[in-house]
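# Coordinate inspection notes
Now for the letters of each chain:
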Amino acid sequence: MGIQYVVMGHLPDALPADSALRLPVDAADDTLRKAIAELDPDHRLGSAQHPVFLTAWLPCLKGGCLSFLGMSPAGQRWLAGLAGEDFAVRRRAELAAALAAADPDAVLPDDPVDQIIALVRALTTTESGRATWFALARQTLWCGPGGGSGLAHSCEPATGRPGVTGSYLAGGSGAQLLTEGGVDLAGLIDTQPWGPQLRAAVDAAETELDWPARVEFVVEQGTLTVVRATRAVLHGAALLDTVASRYERGRLTPAQAVRLVEPLDVERARAASVRSPALPVAARGLGASPGIDSGTVVFSAAAAVAAQADGQRPVLVLTESKPQDLPGLLACTAVVTERGGLTSHAAVVARGLGLPAVTALVDGVLDAGSRVLRTSRGGTVRAGDLITVDGHAGIVHLGGQEPSAERQATPQLPGWLDDALSGLPGIAVHVNADNGADAAAGRALGASGVGLCRLEHMFLGERHQVLRRVLMARPGPDMTEDLRTIHTFLRAEITDILTAMDGLPVTVRLLDPPRHEFLPDLTELSLTTAAGGASADRDRLDITRRLHEHNPMLGVRGVRMGILLPALTAVQIKALTEATHALRRAGREPRPELLVPMVSTPAELDFVRGVLDDVCTRLGTSAADVGITLGAMIETPRAALLARSLARRADLLCLGTNDLTALVWGLSRDDAEQHLLPAYQDMGLLDASPFARLDLEAVGTLARQVADEARAVRPDITLGVCGEQAADETAVRFFAEAGYHHISCAPPRIPLARLAAARAVAQEAAANHPTGARP
């Protein structure tokens, strides 16, 4: 068998040499002796002064390689004098153990060549597995005077700042360098004789790799040897800067550039300057909306509004937020809720507003009556205290810091990345928008439509009282007047959204609030009435008790509420129809889609279709003439299983992953992420919350079935997705492959969702036509 030289870059990371000999595992003794002689032309193997040692490596060898082969008694004494008796004894013991693994009765030869042959035979017999070759290399010595190991980068890995950085450990191995650390290379390189050689090697490696280089090296008796040069692994701002420079110089195509950048890199780059401060921890919970900001604690929406009017920066702390708390959410700089999860009211609104938010506290209990947050550590947070909310890490800190200039409600992608995305295909990204401003912001960020307009979010703040009166009223003049008020502001709001998205689809969902969110608090109303309230209070209490539900998320909500109150459904559809008709007459191009939430049976969709037709007839037109299409929201497992029947009646099916996940898992969206899911993750029963990462195994199976069944009866049906998991890159790739046409998310998530959508296509193309891999 001949001997083949192998460049180190083609060998695994564990082999400490800059070149090696590659040999078949069944190489004859003569071949092995010839290889050893070639690696030791000066016959220093086993000598008493400056001996040579070899390293052996097999692809399947645990630990990577076996070092210090060829250790004679004389070589062992030399090594003991250089690195210490204990070190030399341990190295000899390792060799003996490797031989004993193959033959317990074997004795390690003292002759260095015989020793190497015996060890190679032992390795290739016991460890070879499917390996067909092994490597022998001459070992560089990092121990002793003028020796050491180092790791150099051609730029600062965390920031991308150019210049040689890294660390060096005198008298230590590469493994010791990684575990024990070393001296900062930037301050050392100019003081060492091997410094200029290292700079030249790092520069040459970056030029050859066309990427920031990671260079491992060994210094032996003052002489530098490069062990290996590879592409540096970069993240965040460092990766964005590196890819940008190569993209702008034409060294990367748009698809290659996008394939190199993950959404997490963009988030890391944005969050780099707003790291969690070195402040005491008050409480921990779920990071529900990213960002870090400070302010003084308030315990009600009214207090937040008052504090903002006084020039303060309030942090709103609540048990959970409700629609009537919107003025406080608009006034605060951050929000904390004791209960709730990623899809709770506070979390959804905070993400839409760009506010840092922490929900589902695991070690804090709010005593609203005493206006104090008590922690399991025995501490208290009171009104007026200064705190900092870290929505990245899910931590509430005691004390404050200067407000960050980095916080943005609608973060932009770097210009070069936005340019690269503009020409790439991918699943469309729509925006969740409940007003004209959000729709305009989403369009500016690249959204190609509104995927979810939630009419219930137009009833936040003081408007919730109007809907409350309708839900609790008996038919009559008062109810008619309130419905007229609802029609007026809904038409105005819908007009603004359709105008902002002119020419693009806008999916308007009928009211879908759990009814209890718009009803009086039963406990408070009972206490008021018991304390001698007026007869009106007793009437309100009777109605509230009649409408009260123990499980409101599984009760009268969505289309169910619209069927029980058909006049409320009609007024919503009338507002949409009139807004659309008026814009068409004005020469605009509105493209409305009416979405029916919480569907469980096709008959519910038929009911809404009937109301739509009736409203249009009363207005002297038809749904087809106005251009309103009808869709069903797939939120219940039953709707998913009946996708074929629903598709026969609908122009659009939209997967609501939040509720579908909750119902498939049998979990509460507001409670599960506080104790149950974190405990399951700690115990290793779950990798991630199904509300944070799409459950591909079960929810994904239903989603794929929905797409297949719907297209089977209506090939041209539009398929969309909305929900907090929809913008996750894995979910985007899944929905694109399953044939969905668009996903929808809050405005701040649009850039990352667009990136994820383009990466899904770019990576699929790379798999079919490889042009290079991510460094």
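Described in the following lines is the structure provided in the data block.

Moving on, we get to the pairing of strand β24 (residues 505-509). Counting buried positions along β24 gives five out of five residues, so the element sits mostly inside the fold. Covered by surrounding structure in β24 are Pro505, Thr507 and Arg509 together with Val506 and Val508, the residues of both alternating faces. Here strand β23 (residues 450-454) pairs with β24 via three bridges, running parallel. Within the sheet, the bridge partner assigned to Cys453 lies in β24 and is Val508. By the bridge criterion, five bridges tie β24 to strand β25 (residues 591-596) in an arrangement that is parallel. Of the residues in β25, the one forming a bridge with Arg509 is Leu595.

Running from N to C, helix α16 (residues 477-500) and helix α20 (residues 566-585) cross one another at 40 degrees; their axes reach a closest spacing of 8 Å. Judged by the angle between their axes, α16 and α20 are oblique. By crossing handedness, the relation of α16 to α20 is classed as right-handed. Residues Leu483, Ile486, His487, Leu490, Arg491, Ile494, Thr495, Leu498 and Thr499 of α16 lie in contact with α20, whose contacting residues are Ala567, Leu568, Val571, Gln572, Lys574, Ala575, Leu576, Glu578, Ala579, Thr580, Ala582 and Leu583. Each residue belonging to the contact of α16 with α20 can be placed in one class, and the counts come to 13 nonpolar, five polar and three charged.

In space, the five strands of this open sheet follow the order β8-β7-β6-β9-β10, with antiparallel pairing throughout. What marks the edges here is a single partner per strand, and that holds for β8 (183-184) and β10 (223-231). Judged from the six bridges that link them, strand β6 (residues 148-155) and strand β9 (residues 213-220) form a sheet pairing that is antiparallel. Paired with Ser149 across the two strands is Val218, which belongs to β9.

We now examine the packing of helix α27 (residues 699-713) against helix α28 (residues 729-738). For the pair α27 and α28, interaxial distance at closest approach is 10 Å and the crossing angle is 25 degrees. It follows that α27 is roughly parallel to α28 by the angle criterion. For the element pair α27 and α28, the recorded crossing hand is right-handed. Only Phe734, Phe735, Glu737 and Ala738 of α28 make contact with α27, whose side of the interface consists of Gly700, Ala703, Arg704, Ala707 and Arg711.

Once that is clear, we can look at the pattern of salt bridges. Counting across every chain of the model gives 31 salt bridges. The salt bridge partner of Asp708 is Arg711, with a shortest N-O separation of 3.3 Å. Of this pair, Asp708 and Arg711 both sit in helix α27, three residues apart, which is roughly one turn of that helix. Arg711 gets classed as partly exposed once you look at its relative accessible area, which sits at 27%. Among the charged side chains, a network of salt bridges with common partners joins Glu456, Arg509, Asp512, Arg557 and Asp659.

With that settled, the discussion passes to unusual backbone geometry. Although it is not a glycine, Asp210 sits at a positive phi angle of roughly 55 degrees. Topologically, Asp210 is positioned in the loop between α6 (195-209) and β9. A positive phi angle is found at Arg371, which is not glycine, with a value near 55 degrees.

Position of Gln115 among the secondary structure elements: in helix α4 (residues 112-126). Residue class for Gln115 comes out buried when judged on its relative accessible area of 0%. A polar contact of 2.9 Å, which involves the side chain of Gln115, links it to the backbone nitrogen of Gly70. Not counting residues up to four positions away in its chain, the partners in contact with Gln115 are Phe68, Leu69, Gly70, Met71, Arg92, Leu95, Leu108 and Pro109.

Criteria and thresholds
Residues numbered from 1 in each chain as written. Predicted model: local features only at pLDDT ≥ 70, side-chain atom pairs only at ≥ 80, totals over all residues. Heavy atoms only, no water. Buried < 20%, exposed > 50% of the residue type's maximum accessible area, 1.4 Å probe, protein only. Helix = DSSP H or I, 4+ residues; strand = E, 2+ residues; numbered from the N terminus. Pairing = 2+ DSSP bridges. Axes fitted to C-alpha atoms, helices over the stretch in contact; angles between N-to-C directions. Parallel < 35°, antiparallel > 145°, perpendicular 65-115°, else oblique. Left-handed = near helix turned anticlockwise from the far one by under 90°. Contact = heavy atoms within 4.5 Å. Nonpolar A, V, L, I, M, F, W, Y, C, P; charged D, E, K, R; others polar. Salt bridge = Lys/Arg side-chain N within 4 Å of Asp/Glu carboxyl O. Polar contact = N/O pair within 3.5 Å; in protein donor to acceptor, adjacent residues only side chain to side chain.

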